[in-house]
Amino acid sequence: MRLFSDRHHVAELLAYLAFIAVVLAMPAMMDVFWLNRFAKYLVYGMLGIAIALSWGYAGVLNLGQGLFFGLGAYMVAMSLKLQSYTSLQQGSDRPVPDFMLWNAEPGAPTELCCITPGSWLWLPFQTTWFGIVMAIVVPTVIAYAIGSAIFRLRVSGVYVAIITLALVLLVRLLIIDFQPITNGFNGLTDLGWLTVGGFEFDPYMVETYYLIAVPTIVVLLLARALVATRAGLILQSTRDDANRARYLGFDVAGYQVFFFAVSAAIAGLAGMLYVVAAEFASPTFMDLTFSISMVVWAAVGGRSSLLGAAIGAVLINTIEATASETEMLQESWRAIIGLVFVLVVLFLPRGLAGLSHDIVARLPFGKRRRETAAGAVANPAE
Amino acid sequence: MADILFIGLSLGSILLLIALGLMITYGAMGVINMAHGELVMIGAYTAVWCGLLFDMNMLIAIPVAFVVAGALGLLIERLVIRHLYGRILDTLLATWGIAILIQQAIRLQFGLTFFDVNVPGLGPGLQNLSVPHWLNRPFDVGGFTVQPYRSFIIALTLVLVAVTWWLMYRTRFGIQVRAIMRNPQMAAACGINVKRISALTFAYGSGLAGVAGVMMGGFKTVSPEMGQALVVDGFLVVVVGGVGSLLGTVVAAGGLGEINGVVASITNDILARAVMYGLVIALIMWRPAGLFSFKQR
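Within each chain, residues carry numbers counting from 1 in the order of the written sequence. A letter from A marks each chain and a number from 1 marks each ligand, given out in the order of writing. In keeping with the predicted nature of the model, local features appear solely for residues at pLDDT of at least 70, side-chain atom pairs appear and are counted solely at 80 or more, and the whole-chain, interface and lining totals rest on all residues. With hydrogens and water set aside, each side-chain value is computed from the structure's full complement of heavy atoms.

Visitor: What is the right way to look at the overall build of chain A in this model?
Guide: Every helix listed is a DSSP run of H or I at least four residues long, and every strand listed is a run of E at least two residues long, numbered separately from the N terminus. A tally of helices and strands in chain A yields 17 helices and 2 strands. When we talk radius of gyration, it's over C-alpha atoms, and the globule rule is simply 2.2 Å times the number of residues to the 0.38. Computed over its C-alpha atoms, the radius of gyration of chain A comes to 22 Å, within 12% of the 21 Å expected for a compact globule of 382 residues. Along the first, second and third principal axes, the C-alpha atoms of chain A reach 75 × 50 × 40 Å. The 382 residues of chain A split such that 55% are buried. Contacts are assigned to residue pairs that have any heavy atoms within 4.5 Å of one another. Sequence separation of at least 24 residues holds for 73% of the intrachain contacts in chain A that already meet a minimum separation of 6. Accessible area of chain A: about 16200 Å², with a carbon and sulfur share of 66%. The buried label goes to any residue with under 20% of its type's maximum accessible area, the exposed label to any with over 50%, and the partly exposed label to all in between, with areas taken from a 1.4 Å probe on protein chains only. In short, Shrake-Rupley with a 1.4 Å probe defines the accessible areas, and a residue's cover is counted only from the protein chains shown.

Given below as structure tokens:
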């Protein structure tokens, strides 16, 4: 790969640097209230990166990314729930989630082991580190298992989308149905703050912002490095023509499973960080609407550009938040978002990243790369 | 047991009503229409509106809803879908945007505030559709309680399936639609006006959604969100049955409806749906092309 050999690479590099600079400088521009919000949008940006990896690079449209986000969120939320003072105030010597006590039968033991059937599942979450590690491990393992099953059977395209969609709804229903240990529809609320090495991360604090911003930048850069590796290139050839890649002797399913799992790990991390900033986890994370929204953000930003997808997510959410607070737009902003979305799919199928790519190509200075049809196919990632 | 099977059958026929339209548009044109649920919702609102403004009976509202939803479908096809043929995942995304748009338009009573359009009687409030008395009185036949409204839905579904079958397999229009399903280029080369037939097909599928909406209105409260949950179930039916297969869609809808009904009677509604989703995932993995599918190309 000829890095920085033409204006597109220079433009890409500048865009990455600008994004990182803006993200790091944000605390200087905003109060803590907005900073907390912006941290959540960065988490959405991470989800955009996860979608771009699996959709833009692997060609696998996952309509159930909320599953991995939600699992990550629930894992860490279980730990933080046991750290919260509402669960400490309940009179038992070890903390028990308050909703379990409300629902417990009178006279039942108020211990995590046996307050309700299945409540022993919460036992290891008494260690916060367990929740943090599981927030990444559980989504990755589940994605690996599902991915192996789907891709080895050569399920592709729309069918992957439908399977993932059914899956996220299935898990959502299970979480709602296992009310005694998950608090059902209400989700886990009244969480404690994340405490690492004696330091408490108050969600409305600059340190907490960096706790979210730095991993976002790291994930962005790692993902960018990953797609430039040999594995990433093989993956893109798989997306463009799976059979061709198979003929060339590549283990197509293996690469797809790997990237599916990486994308799930990123989503799990995003879910975990979201809980730190938002202080709750609920089944709405696994709603169809949320999973499709992520895809929408990535599409608006540019599905095959990692940075574009991240910026798309941050941008749409910031605009939504601003619009919903502007009096004139208060009622119609959702409709406008819907309209914008239709227009993007119709007129900007490569999203904002594609648009800026075209603009860079028209700039009058710098070395012009020869734009051939083959070149455009080989490098759709910009 | 007969009661449970009967409930399963009526669940299945509602699934079928919704899936029928999706099957036609997906099978014929490769369009995943996420706004289908909103067309169902429009059908339900049309019935509400007919009742409010013209004091119209629910039964008379059925053809009106068919026309209204069909016309809206035609509009969507003309404005958006026409430009997206062959980009199947993009149709999914664009129609999702349309779904949001329609939902909000209804919630604001068509009134994007600055246009200042207001239609009284609609809006975000939950509506109820009154089912005619004679459809609401259960009666006993030999120890078996007959629910007239559920029976009516099953009967209407059967009629619509028959009409669709007739349209697809016994008319010139149907031959052209099936030709487009198999190979649009070849069909165009043979002189079929693919654009026109596709638009009509989409309008017909949308019309069926409108009718499904009127039926749903008799069951559930009519609200702007009612469509969203339906479209997913409809899709699962279409995919399990085999894209473009009328028989497959009927069998899949019946099967999933029965499973849902039976499991719900043993455990609860939530778990029943979870079991249904699990089964669908297993089925798609086992036979990605669906239970009844014709060989393409």
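Visitor: Help me out: how do you make sense of unusual backbone geometry in this one?
Guide: Negative phi is the rule for most residues except glycine; trans is the rule for most peptide bonds. All names here are of chain A. In this structure, Asp190 is a non-glycine residue whose phi angle is positive, near 55°. Looking at the secondary structure, you find Asp190 in the loop between helix H8 (179-182) and strand S1 (194-196). A residue is classified by how much of its surface remains accessible, and Asp190, at 44% relative accessible area, is partly exposed. The backbone of Glu279 sits at a positive phi, close to 60°, despite the residue not being glycine. Considering the arrangement of structural elements, one finds Glu279 in the loop between helix H12 (252-278) and helix H13 (288-301).

Visitor: Just to check I follow, could you spell out the interface of chain A and chain B for this structure?
Guide: Interfaces are often described in size by the accessible area the parts lose on coming together. Facing the 41 residues of chain A at the interface are 43 residues of chain B. Salt bridge criterion: a side-chain nitrogen from Lys or Arg within 4 Å of a carboxyl oxygen from Asp or Glu. If you look at where chain A meets chain B, you find 1 salt bridge. Residue Asp90 of chain B pairs with Arg303 of chain A through a salt bridge whose shortest N-O separation is 2.9 Å. Per element, the largest residue contribution to the side of chain A that touches chain B is 13 residues, and it comes from helix H7 (residues 158-177) of chain A.

Visitor: Looking at this structure, how should I read the environment of Tyr44 of chain A?
Guide: Residue and element names in this part refer to chain A. Mapping Tyr44 onto the fold places it in helix H2 (residues 32-57). Separated by 270 residues in sequence, Tyr44 and Val314 have C-alpha atoms that sit 6.6 Å apart. The residues touching Tyr44, leaving out its near neighbours within four places in the chain, are Tyr274, Phe290, Trp297, Ala313 and Asn317. At a separation of 3.2 Å, a polar atom in the side chain of Tyr44 contacts the side chain of Tyr274. In the analysis that follows, any N or O atom pair within 3.5 Å is treated as a polar contact, provided that within protein one partner can donate a hydrogen and the other can accept it, and provided that, for residues neighboring in sequence, both atoms belong to side chains.

Visitor: Explanation requested: the pattern of salt bridges in the structure shown.
Guide: Opposite charge on two side chains allows them to pair when their charged atoms are near. Residue and element names in this part refer to chain B. Tallying each qualifying case throughout the model produces 12 salt bridges over all chains. Between Glu225 and Arg107 there is a salt bridge, with its nearest N and O atoms 2.4 Å apart. Of this pair, Glu225 sits in the loop between helix H8 (194-219) and helix H9 (226-241) while Arg107 sits in helix H4 (residues 88-107); the two residues are 118 residues apart in sequence, bridging distant segments of the chain. For Arg273, the salt bridge is made with Asp233, and the minimal N-O distance between the two is 3.1 Å. Here Arg273 is found in helix H11 (residues 269-286), whereas its partner Asp233 is found in helix H9, with 40 residues between them in sequence. The buried category is assigned to Asp233, whose relative accessible area is 8%.

Visitor: I keep staring at the confidence of the model for chain B and nothing clicks. Help me out?
Guide: Any segment with low pLDDT has predicted coordinates that should not be analysed in fine detail. Residues and elements named next belong to chain B. Within a predicted model, pLDDT stands for the predictor's per-residue confidence, ranging from 0 to 100. The predicted model of chain B averages 85 in pLDDT, with 92% of residues at 70 or higher. Summarising per-element confidence for chain B, the mean pLDDT is lowest in strand S2 (residues 144-146) (73) and highest in helix H3 (residues 58-79) (93). Prediction confidence for the complex, expressed as pTM and ipTM, is 0.89 and 0.86 respectively.

Visitor: Help me understand the packing of aromatic side chains, please; the structure alone is not making it clear to me.
Guide: Ring pairs (aromatic) are described by centroid distance and by the angle formed between their planes. The rule is short: rings of Phe, Tyr and Trp, with Trp giving its six-membered ring, pair when the centres are within 6.5 Å, and they are stacked under 30 degrees, edge-to-face over 60, tilted in between. With the rule as written, the count across this model stands at 23 aromatic pairs over all chains. Seen from their ring centres, Phe125 of chain A and Phe130 of chain A are 5.0 Å apart, and the 80° between their planes marks the pair as edge-to-face. A residue is classified by how much of its surface remains accessible, and Phe125 of chain A, at 6% relative accessible area, is buried. Consider the rings of Trp165 of chain B and Tyr169 of chain B, whose centres lie 6.2 Å apart with planes at 25°: the pair is stacked. Here the residue Trp165 of chain B and the residue Tyr169 of chain B both occupy positions in helix H5 (residues 148-170), the gap between them amounting to 4 residues, near one helical turn. By relative accessible area, Trp165 of chain B is classed as partly exposed at 40%.

Visitor: What am I meant to see in the environment of Asp177 of chain A here?
Guide: Mapped onto the secondary structure, Asp177 of chain A falls in helix H7. Remark: the alpha-carbon pair of Asp177 of chain A and Met46 of chain A, spanning 131 residues in sequence, is separated by 29 Å. Discounting residues that sit within four places of it in the chain, Asp177 of chain A has contacts with Asn268, Ile270 and Leu271 of chain B.

Visitor: When you look at the side chain of Arg303 of chain A in this model, what are you seeing that I'm missing?
Guide: By secondary structure assignment, the location of Arg303 of chain A is in the loop between H13 and helix H14 (306-325). Polar side-chain contacts of Arg303 of chain A include one of 2.9 Å to the side chain of Asp90 of chain B. With near-sequence residues (within four places) excluded, Arg303 of chain A lies in contact with Ala52, Trp55, Gly56, Ala298, Pro349 and Arg350 of chain A together with Asp90 and Leu93 of chain B.

Visitor: What is the right way to read empty space enclosed by the protein from this model?
Guide: Over the atoms, a rolling probe the size of a water molecule traces out where space has been left empty. Grid spacing is 1 Å over the protein atoms alone, the probe is 1.4 Å, and a cavity is where that probe fits but cannot get out, while a pocket is an open set with protein on both sides within 12 Å along at least five of seven lines and lining residues have an atom within 4 Å of a point. Grid points are joined across faces, edges and corners, and a volume is the space filled by probe spheres set on the points. The tally for this structure, following the rule as stated, stands at 3 cavities of 30 Å³ or more. Of the volumes computed, that of the largest cavity is approximately 90 Å³. What lines the largest cavity is Leu63, Val158, Ala161, Ile162 and Leu165 of chain A together with Ile32, Met34, Leu92, Val232, Phe235 and Leu236 of chain B. Broken down by secondary-structure element, the contributors of at least two residues to the lining of the largest cavity are H7 of chain A together with H9 of chain B. A breakdown of the residues in the lining of the largest cavity according to their chemical character gives 11 nonpolar, no polar and no charged. Gly counts as polar in this scheme, as do all residues outside two lists: the nonpolar Ala, Val, Leu, Ile, Met, Phe, Trp, Tyr, Cys and Pro, and the charged Asp, Glu, Lys and Arg.

Visitor: Please explain the side chain of Ser10 of chain B as it appears in this structure.
Guide: All names here are of chain B. Here Ser10 is to be found in helix H1 (residues 2-29). Here Ser10 falls in the buried class, since its relative accessible area comes to 1%. Within the structure, the side chain of Ser10 is placed 2.7 Å from the side chain of Arg150, a separation counted as a polar contact. When near neighbours in sequence (up to four residues on either side) are disregarded, Ser10 contacts Arg150 and Ile154.

Visitor: Would you mind showing me how to read a nonpolar patch on the surface here?
Guide: Residue and element names in this part refer to chain A. Without a salt bridge and with relative accessible area above 30%, a residue can belong to a patch; like charges are then joined within 9 Å and nonpolar side chains (Val, Leu, Ile, Met, Phe, Trp, Tyr) within 5 Å. A surface patch of nonpolar side chains, amounting to about 520 Å² of accessible area, comprises Ile311, Leu315, Ile319, Leu352, Leu355, Ile359 and Leu363. Residue assignment for the nonpolar patch shows that the elements contributing at least two residues are H14 and helix H16 (351-362). Of note, Leu352 is situated in helix H16. Using a relative accessible area of 32% as the deciding quantity, one classes Leu352 as partly exposed.

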